[in-house]
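Working through the structure, step by step
Here is what each chain is made of, one letter per residue.
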Amino acid sequence: MAVFPWHSRNRNYKAEFASCRLEAVPLEFGDYHPLKPITVTESRTKKVNRKGSTSSTSSSSSSSMVDPLSSVLDGTDPLSMFAATADPVALAAATDSSRRKRDRDDNSVVGSDFEPWANKRGEILARYTTTEKLSINLFMGSEKGKAGTATLAMSEKVRTRLEELDDFEEGSQKELLNLTQQDYVNRIEELNQSLKDAWASDQKVKALKIVIQCSKLLSDTSVIQFYPSKFVLITDILDTFGKLVYERIFSMCVDNRSVLPDHFSPENANDTAKETCLNWFFKIASIRELIPRFYVEASILKCNKFLSKTGISECLPRLTCMIRGIGDPLVSVYARAYLCRVGMEVAPHLKETLNKNFFDFLLTFKQIHGDTVQNQLVVQGVELPSYLPLYPPAMDWIFQCISYHAPEALLTEMMERCKKLGNNALLLNSVMSAFRAEFIATRSMDFIGMIKECDESGFPKHLLFRSLGLNLALADPPESDRLQILNEAWKVITKLKNSQDYINCAEVWVEYTCKHFTKREVNTVLADVIKHMTPDRAFEDSYPQLQLIIKKVIAYFHDFSVLFSVEKFLPFLDMFQKESVRVEVCKCIMDAFIKHQQEPTKDPVILNALLHVCKTMHDSVNALTLEDEKRMLSYLINGFIKMVSFGRDFEQQLSFYVESRSMFCNLEPVLVQLIHSVNRLAMETRKLMKGNHSRKTAAFVRACVAYCFITIPSLAGIFTRLNLYLHSGQVALANQCLSQADAFFKAAISLIPEVPKMINIDGKMRPSESFLLEFLCNFFSTLLIVPDHPEHGVLFLVRELLNVIQDYTWEDNSDEKIRIYTCVLHLLSAMSQETYLYHIDKVDSNDSLYGGDSKFLAENNKLCETVMAQILEHLKALAKDEALKRQSSLGLSFFNSILAHGDLRNNKLNQLSVNLWHLAQRHGCADTRTMVKTLEYIKKQSKQPDMTHLTELALRLPLQTRT
């Protein structure tokens, strides 16, 4: 292969920059400008009549801007135009109808501020459990009367169904005993599924039998602790049944000719639907026992809409009165809760019935403490303090339904009636749980007075104070009462002996204390919590509550200098002995610091405390820690490091980074952040000490450089190390630390052979060559301004890098090596210029050191020729069918490099460029459009004063024609 000498063309960078600038074109008044209004000409053609030949065209001009968005505001959008063409009378009627519908909806549908039953369901099931054995009655279906039912007359069919119901009433059932709680739940779920299956197979009577059977279970209080959960499970079946019946009747009102609206009146329902609806109510009325008859009728209460407008309003009072026949107060209150739930779903505007349920409940409240209940508790071995907590789910729900959007006068009356009853702690708790927080907060001292008067034998006072505290966290009491409220509450809380009772109550009142008082009161509360939870390591059973306390404290104390000056805050953290919990708490603290700390800090109290917190998070990392967890911990620690600043005390800042490196050595992202921070510190030192580069400053910068040089090898990521070596070398060079910069660059060069063929990127293995190419291009840009070491010869770093590139094992079908060599050619061309494109202040690059010395230029050209030989050899090796497209692409790329950086006045180089042009087109693989644009560029450049030689070159570059 012939040797082609390289001759770099001389570059005038200033002139090239000037030629690349956009020309300023003067804009005359009236010319188009994108921000000027657009003149629109509108043409209209008017036809006078069909016979007449008269037609007129008018035009008008407007200088208003045509904006598609503003047209919407003008009402000219398609929907507005359609509305404008509608009949005004019909439009007004539709508007009035929609307004009436909206008003009706406001009264008949509860809003999003009403907590639905579904939110309470899971909590009840989780709380009310039992280890005792349970029993359940299962329906044993009779087969009689099923054959030939299709041929029976209607009267016979009705008689048969009534007989089936009688058969059920007379005991066609089987009792399952000694069931565990889970077995019981499974049986109930089986019944629910049996109900759906029976309904789907048109066995409506069987479905009704299942519902009656399940409803009967609500009269059984043999395992009383499980009753609230049983209520939830059974009412799920009732809800399913009610929905099935309603949808069945609703579907009868819909045919091909009409669709029943959502808000229909009984007049919209056809006779078939009404007859079916009445049939269901008659069947239910024939149920002999009170409790199943009440529950099943309540479940289909909504179906009264098909019969009459007043059906629901008439049924609700009657059902309310039916509950008076239930003797067991627990069964009774849950029946009222179910009626209130159904009532709120179908007619929330009928408040009188809800209120009647409440006042009826107050009349029977004394039964809870009567002999019948007490005897039942003795039989089951249940104490009163365990019995009373069974009531709150039902009572809270009743109170919530009544208090929803209730006037202040009604709430006051309800509270007064509760106050008059003896042993009213249970009532008081439900009032505070259900009423609006603002109502409770403004009467806080009244409630405290009532709490003091309560008998503590059945319902502990600390639970009442907890309910009060929950309200005060949502609404503020009068300012004059706040301290007295806290004192009264804490007198009770601090006397609690049981650690669980204590922490459940204290956790609520911590928020009140943080919200309204200073660090002094908060410190007192934290000290009291430590005092109660430390004995017998009680804190180990209360980590969730202790975590909530920490979250509430940091939610109100955004000034961390104040937070860490709370004497008992750090001792409080020491109670988190379990590592996983301790780390979660530390993460919460750091997250709050990053979110709320606005200014950098050097406060020693904050630094010492947060270093301890960050060290705790770091030390939790082990071989089993997930990468996501490591990223999260690194993010939090880095957020802290970024917020630490000692101002101009650079030595103190560097000492902090040194300490941080020793503390967080297991988290690579933190070490990377520290290296970047130290490099930034070195550059800040350079800026502040500009013109005063003393020995002390130089020594400090060298210390920063040494920090980076020592830290980088400890990192695992190969490209992380390469990029940090390059970045740190640039910083050293900018600070005139030339020998240190050389050390960084040499370290980067020596690391290149270790680059693997595949690297892990976000959990996926990818080829590394493209990343290596990107790094080397950045490296070449830096090497342009790195001066040669006087003892290592000309371009010693470039030579070392070329040797490494030559010895690196590249992929067989890869062209990255040649692309790198092309970039080296660009670098060497730039190095041969009399003045380099860019410099570093106070650093003499090779253009200053050699001053265009002929020996330097000769060495440079030799390297260029060596690189060119490698490129041409590779192009020759691509002369195979499967590689012709690659050969064409690389040939054109090399041609462009010669065009940009080579002196084409040299005949051999000129001939090489022509050969490359032909090579790019030889096998029809070149992109014709690219070739055309390249040739146009050459012709344009040939018009430059010092580029006239390109004219002859353009004539020697033919374009391939395709036939």
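Remember, it's a predicted structure, so these values are computed and weren't measured experimentally.

About the criteria used
- Residues numbered from 1 in each chain as written.
- Predicted model: local features only at pLDDT ≥ 70, side-chain atom pairs only at ≥ 80, totals over all residues.
- Heavy atoms only, no water.
- Helix = DSSP H or I, 4+ residues; strand = E, 2+ residues; numbered from the N terminus.
- Buried < 20%, exposed > 50% of the residue type's maximum accessible area, 1.4 Å probe, protein only.
- Contact = heavy atoms within 4.5 Å.
- Areas by Shrake-Rupley, 256 points an atom, 1.4 Å probe, with all protein chains shown as cover.
- Core = buried A, V, L, I, M, F, W, Y, C linked by side-chain atoms within 4.5 Å.
- 1 Å grid on protein atoms, 1.4 Å probe; cavity = no way out; pocket = protein on both sides within 12 Å on 5 of 7 lines; lining within 4 Å.
- Points joined across faces, edges and corners; volume = space filled by probe spheres on them.
- Nonpolar A, V, L, I, M, F, W, Y, C, P; charged D, E, K, R; others polar.
- Axes fitted to C-alpha atoms, helices over the stretch in contact; angles between N-to-C directions.
- Parallel < 35°, antiparallel > 145°, perpendicular 65-115°, else oblique.
- pLDDT = per-residue confidence, 0-100.
- Pairing = 2+ DSSP bridges.
- Disulfide = S-S within 2.5 Å.
- Expected span 1.5 Å × (residues − 1).
- Phe/Tyr/Trp six-rings, centres within 6.5 Å; stacked < 30°, edge-to-face > 60°.
- Lys NZ or Arg CZ within 6 Å of the ring centre and 35° of its normal.
- Salt bridge = Lys/Arg side-chain N within 4 Å of Asp/Glu carboxyl O.
- Polar contact = N/O pair within 3.5 Å; in protein donor to acceptor, adjacent residues only side chain to side chain.
- Left-handed = near helix turned anticlockwise from the far one by under 90°.

As a further point, take the overall build of the protein chain. A count of helices and strands for the protein chain gives 45 helices and 6 strands. A buried classification covers 47% of the 963 residues belonging to the protein chain. Restricting to contacts in the protein chain with at least 6 residues of sequence separation, those with at least 24 account for 73%. Total accessible area on the protein chain is roughly 50000 Å²; 52% of this is exposed by carbon and sulfur atoms.

In globular proteins that are soluble, nonpolar side chains generally tend to be buried together. In this structure, Tyr387, Trp509, Val529, Phe569 and Phe640 are the most contacted members of the largest nonpolar core, which totals 303 residues. For this core, the element with the most residues is helix α9 (residues 227–252), which contributes 13 residues. Beyond its immediate stretch of four places on either side in the chain, Val529 contacts Tyr502, Ile503, Ala506, Leu546, Ile549, Phe572 and Met575.

Time to look at unusual backbone geometry. Positive phi, close to 55°, is recorded for His405, a residue that is not glycine. Mapped onto the secondary structure, His405 falls in the loop between α17 (392–403) and α18 (408–420). Overall, the relative accessible area of 56% leaves His405 in the exposed class. A positive phi is found at Leu795, a non-glycine position, where the angle reads about 50°. Here Leu795 shows up in the loop between α37 (769–783) and α38 (796–807). Relative accessible area serves as the criterion here: at 1%, Leu795 is assigned to the buried category.

Taken as a whole, this structure holds 5 cavities of 30 Å³ or more when the rule is applied. Estimates place the volume of the largest cavity at around 50 Å³. Lining the largest cavity are Leu783, Val786, Pro787, Asp788, Leu795, Phe796, Leu797, Val798, Met831 and Asn846. The element best represented in the lining of the largest cavity is α38, accounting for 3 residues. Counted by class, the lining of the largest cavity contains 8 nonpolar, 1 polar and 1 charged residues.

Between helix α42 (residues 884–901) and helix α44 (residues 928–941), the least distance of the axes is 13 Å, while the angle of their chain directions is 10°. Comparing the axis directions of α42 and α44 gives the class roughly parallel. On the side of α42, the interface is formed by Leu892, Phe895, Asn896 and Leu899, while α44 contributes Thr930, Met931, Thr934, Tyr937 and Ile938.

A few words on the confidence of the model for the protein chain. Segments scoring low in pLDDT should not have their predicted coordinates read at a detailed level. Looking at the protein chain as a whole, the pLDDT averages 84, with 84% of positions reaching at least 70. Counting contacts from residues 43–108, a segment whose pLDDT is below 50, to residues more than four positions away or on other chains yields 46 contacts. In the predicted structure, residues 168–172 sits below a pLDDT of 50 and forms 11 contacts with residues beyond four places in sequence or in another chain.

Attention shifts here to the pairing of strand β6 (residues 764–767). Bridge count for strand β5 (residues 758–761) against β6 is 4 bridges, and the pairing is antiparallel. The residue bridging Ile759 from the neighbouring strand is Arg766, located in β6.

Moving on: the state of the cysteines. The tally for this structure, following the rule as stated, stands at 0 disulfides. The cysteine Cys588 is free of any disulfide, with Cys586 supplying the nearest cysteine sulfur at 9.2 Å. Residue Cys588 is classed as partly exposed on the basis of its relative accessible area of 21%.

Here the focus is the side chain of Asn471. In this fold, Asn471 is placed in helix α22 (residues 461–474). In contact with Asn471, not counting residues within four places along its chain, are Met432, Phe435, Arg436, Ala437 and Ile440.

Okay, α37 next. A rise of 1.5 Å per residue sets the reference length of α37, with its 15 residues, at 21 Å; its end C-alpha atoms lie 20 Å apart and thus fit the reference within 8%. Residues of α37 that are buried include every one of Glu769, Leu772, Leu773, Phe775, Leu776, Phe779, Phe780, Thr782 and Leu783, and no others.

Once that is clear, we can look at the side chain of Asn846. Here Asn846 is to be found in helix α40 (residues 846–850). Excluding residues within four positions of it along the chain, Asn846 makes contact with Val786, Pro787, Asp788, Leu795, Tyr836, Gly851 and Phe856.

Here we come to the packing of aromatic side chains. For the structure on display, the rule yields 43 aromatic pairs. Centroid distance Trp199 to Trp280: 5.6 Å. Interplanar angle 20°. Geometry classified as stacked. On the criterion of sequence distance, the pair formed by Trp199 in helix α7 (residues 181–200) and Trp280 in helix α10 (residues 271–285) is long-range, its members being 81 residues apart. The pair formed by Trp199 and Trp280 is uniform in burial state, with each residue classed as buried. With centroids separated by 5.3 Å and ring planes inclined at 80°, the aromatic side chains of Tyr387 and Tyr391 adopt a geometry described as edge-to-face. The pair formed by Tyr387 and Tyr391 is uniform in burial state, with each residue classed as buried. Across the ring face of Tyr246, the terminal group of Lys302 is positioned such that the distance to the ring centre comes to 4.4 Å.

All told, the structure shown has 33 salt bridges when counted by the stated rule. Across the salt bridge formed by Glu627 and Lys630, the nearest N and O atoms sit 3.7 Å from each other. With a gap of 3 residues between them, Glu627 and Lys630 both fall in helix α31 (residues 627–642), about one helical turn apart. Judged by relative accessible area, which is 48%, Glu627 ranks as partly exposed.

Before going further, it helps to spend a moment on the environment of His558. Its location among the elements puts His558 in the loop between α26 (543–556) and α27 (560–563). The class of His558 is partly exposed, set by a relative accessible area of 36%. Distance from His558 to Ala592, taken between C-alpha atoms, is 7.6 Å for residues 34 residues apart in sequence. A distance of 2.9 Å separates a polar atom in the side chain of His558 from the backbone oxygen of Ala555.

To continue, consider α38. Relative to the 16 Å expected for 12 residues at 1.5 Å per residue, α38 spans 17 Å between its end C-alpha atoms, a close match to the ideal helical length. Those residues of α38 that fall on the buried side of the exposure criterion are Phe796, Leu797, Val798, Leu801, Leu802, Val804 and Ile805.

A separate point is the environment of Thr534. Considering the arrangement of structural elements, one finds Thr534 in the loop between α25 (519–533) and α26. Given a relative accessible area of 38%, Thr534 falls into the partly exposed group. In contact with Thr534, not counting residues within four places along its chain, are Phe539 and Met575.

The subject of this paragraph is the packing of helix α30 (residues 604–619) against α31. With their axes 10 Å apart at the nearest point, α30 and α31 run at an angle of 165° to one another. By the angle between their axes, α30 is roughly antiparallel relative to α31. In the crossing of α30 with α31, the sense of the turn from one axis to the other is left-handed. Contact residues: Leu607, Leu610, Leu611, Cys614, Met617 and His618 in α30; Leu633, Leu636, Ile637 and Phe640 in α31. Among the residues forming the contact of α30 with α31, the class breakdown is 9 nonpolar, 1 polar and no charged.

Inspection of the secondary structure puts His7 in the segment before α1 (13–20). For the pair His7 and Lys908, spaced 901 residues apart in the sequence, the C-alpha separation amounts to 9.8 Å. If sequence neighbours within four positions are ignored, His7 has contacts with His901, Gly902, Asp903, Asn906 and Leu909. Engagement of the side chain of His7 in a polar contact is seen with the side chain of Asn906, the distance being 3.1 Å.

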